[in-house]
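Here is how the chains run, residue by residue.
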Amino acid sequence: MMSSPDGFGRFPDDFVWGTATASYQIEGAVSAAGRGASIWDTFSHTPGKVADGHTGDVACDHYHRYAEDVRLMADLGLKAYRFSIAWPRIQPTGAGPVNAEGLGFYDRLVDELLGRGIAPYATLYHWDLPQALEDLGGWTERDTAFRFADYALAVHDRLGDRIRTWTTLNEPWVSAFLGYCSGVHAPGRRSPAAGFRAAHHLLLGHGLAASALRSAGAAELALTLNLGTILGEDEEAVARVDALLNRQFLDPALRGRYPEEVLEIAAGHGGLDHIRDGDLAVINQPIDLLGVNYYCPTTVSRSPGEPANPDYPGTEDIRFVPPTGPVTSMGWPIEPASLETLLVRLSRDYPEVGLLITENGAAFEDGVTDDETGAGRVHDPERIAFLDGHLRAAHAAIAAGADLRGYLVWSLLDNFEWAYGYHKRFGIVYVDFSTQRRLPKDSALWYREVIQRNGLQGE
Ligand code: IFM
């Protein structure tokens, strides 16, 4: 770690410190101001899809409490806030005229952020596809990519004067393979062929939107991927899973080609007809930032006879090895060193693009304990250790040459954790879902100090 004269590790002067959230996970107000239904409304209201029948109907009620939440961000000293825009608020059926009232919410949010000196980082798609588009085939249909670009441009027209950094998609691997292949996420379809088609159309939507936004004058363009280091002794197994998770998205977006492994697997699952001549050139738009969502590595081994992992078509004979060390309450292994490996690899293999950690964080079993003020405290030493370890890894990656520009904690608030409902708490701010009271956890107070000193304490 780079040390300053007072002995504290420091990040670059312009390092971006912030937090991230997503529309369906925090906003609630699902019927407000003409919002249409999204695939997550349908999915969460389908019995058996989300733990205990939880839905995003109310979530953190951020739609009504955004001003309080922005005040909280300012109190924590955040420099940046990454949020997503709910497509069904802007175009209730995914096409056609813009719903001015729906857009108005983000207009107010952005002004509130700027008023408090917090830079807004907008993500245009974090999984809440308008249900009307899913009824026409969703991301398995090519047309959805064109609808997405239209929507992106409409949002930019209204907010482009105040938002510098625009992210097209959040984690298209999750949208495609959890949504259309294993079906554990909305819209809950179960077809490997649909997964590959959806992945391609998401990438096409990214390319079309990036190109349209660039022409419209967007200052900074990004794509956020869930990326991970794949560990294991068997090189072929590691390379195959790396191709499916990482390079399936990195290479088309940043190199204009698909990895051979992905083409081979997709060809055996429905064919490649959905990839048309010229698509890869559209997808391969210059972007400024690669958003890195990092949570944990994946370990694989060779295991003859093993069926394919439902999230990863083409992984027959590969075993996904369960973690043996410490895990978060998601059961995800805690291995900060593999973040350093990932960042260094990304800057080596894709040097033309800057890196921003757009998500990193952990769920633990948090609870409120009494304190003398009566307000209560949330002691979350495990989360502090997790964030500290990952920031040290990020710092080491910078020292090793990675072009890392910032770090956004997932998440500002405890929120709706998709198929797990409200059972998994990722926030640095605790939310009592029965009263909507917010209570910064110890990790939030710790993070405020990290931001203030632009670095970690000690070596
Ligand atoms: O909550 C999610 C987020 O929506 C996308 N990235 C991973 C987070 C934790 O699972």
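Throughout this document, residue positions are counted from 1 along each chain, in the order its sequence is written. Given that this is a predicted model, residues contribute local features only at a pLDDT of at least 70 and side-chain atom pairs are listed and counted only at 80 or more, while totals for whole chains, interfaces and linings are drawn from all residues. The side-chain quantities take in all heavy atoms of the structure and omit both hydrogens and water.

S.K.: Give a description of the overall build of the chain that names residues and reports values.
M.R.: A run of DSSP states H or I qualifies as a helix once it reaches four residues; a run of E qualifies as a strand once it reaches two. Both are numbered from the N-terminal end. Looking only at helices and strands, the chain has 15 helices and 13 strands in total. The C-alpha extent of the chain, read off along each of the three principal axes, is 65 × 50 × 45 Å. Each residue gets one of three labels from its accessible area relative to the maximum for its type: buried under 20%, exposed over 50%, partly exposed in between, using a 1.4 Å probe on protein chains only. The 459 residues of the chain split such that 61% are buried. Residue pairs in contact within the chain that sit at least 24 positions apart in sequence constitute 76% of those at least 6 positions apart. Calculation of accessible area relied on Shrake-Rupley with a 1.4 Å probe; when residues are assessed, cover is drawn exclusively from the protein chains displayed. With the model as given, the accessible surface of the chain reaches about 16,500 Å², and the carbon-plus-sulfur share is 51%. For the purpose of charge, His is not counted, nor are the chain termini; Lys and Arg are scored as positive and Asp and Glu as negative. Where a charge lies is defined by one atom per residue type: Lys uses NZ, Arg uses CZ, Asp uses CG and Glu uses CD. Across the chain, the mean location of the 39 positive side-chain charges is 3 Å away from that of the 62 negative side-chain charges. Contact between two residues is taken to exist if any of their heavy atoms lie within 4.5 Å; hydrogens are not considered.

S.K.: With reference to specific residues and values, describe the site of the ligand.
M.R.: Neighbouring residues of the ligand: Gln25, His126, Trp127, Asn170, Glu171, Tyr295, Trp332, Glu359, Trp410, Glu417, Trp418 and Phe426. Within the side chain of Glu359, a nitrogen or oxygen atom sits 2.5 Å from a nitrogen atom of the ligand. When the ligand is considered free in solution it has 280 Å² of accessible area, and contact with the protein chains removes 95% of it. Each residue gets one label: Ala, Val, Leu, Ile, Met, Phe, Trp, Tyr, Cys and Pro are nonpolar, Asp, Glu, Lys and Arg are charged, and the others, such as Gly, are polar. Here the residues of the shell around the ligand are counted per class, giving six nonpolar, three polar and three charged. Only a single heavy atom is needed: when it lies within 4 Å of a molecule or strand, its residue is near that molecule or strand. Any pair of N or O atoms that falls within 3.5 Å is considered a polar contact. Within protein, one atom must be able to donate a hydrogen and the other to accept it, and sequence-neighbouring residues count only if both atoms are side-chain atoms.

S.K.: How would you sum up helix H9 (residues 192-215)? Please name residues and give values.
M.R.: By this rule the span expected of a helix is its residue count minus one, scaled by 1.5 Å. Helix length check: H9 (24 residues) gives 35 Å between terminal C-alpha atoms against 34 Å at 1.5 Å per residue, within 8%. Directly after H9, the chain includes Gly217, whose backbone phi takes a positive value near 100°.

S.K.: Give a description of the nonpolar core that names residues and reports values.
M.R.: Counting residues in each nonpolar core, the largest one holds 134 residues, and the members touching the most others are Trp40, Phe83, Trp166, Leu290, Leu343 and Tyr447. By residue number, the principal contributor to this core is H9, which donates 11 residues. If sequence neighbours within four positions are ignored, Trp166 has contacts with Ala122, Leu124, Val155, His156, Leu159, Gly160, Leu213, Ala218, Glu220, Leu221 and Ala222. In this text, buried Ala, Val, Leu, Ile, Met, Phe, Trp, Tyr and Cys residues form a nonpolar core when linked through side-chain atoms within 4.5 Å. The next biggest cluster of nonpolar side chains, apart from the first, holds 14 residues, and it includes Val16, Ala22, Leu356 and Ala363.

S.K.: Please give an account of the side chain of Arg438 that cites residues and values.
M.R.: With respect to the helices and strands, the residue Arg438 is situated in strand S13 (residues 437-440). Polar side-chain contacts of Arg438 include one of 2.7 Å to the backbone oxygen of Cys60. A polar contact is formed between the side chain of Arg438 and the side chain of Asp69, at a distance of 2.9 Å. With residues up to four places along the chain from it excluded, the contact list for Arg438 reads Cys60, His62, Arg65, Glu68, Asp69, Leu72, Leu413, Val429, Tyr430 and Val431.

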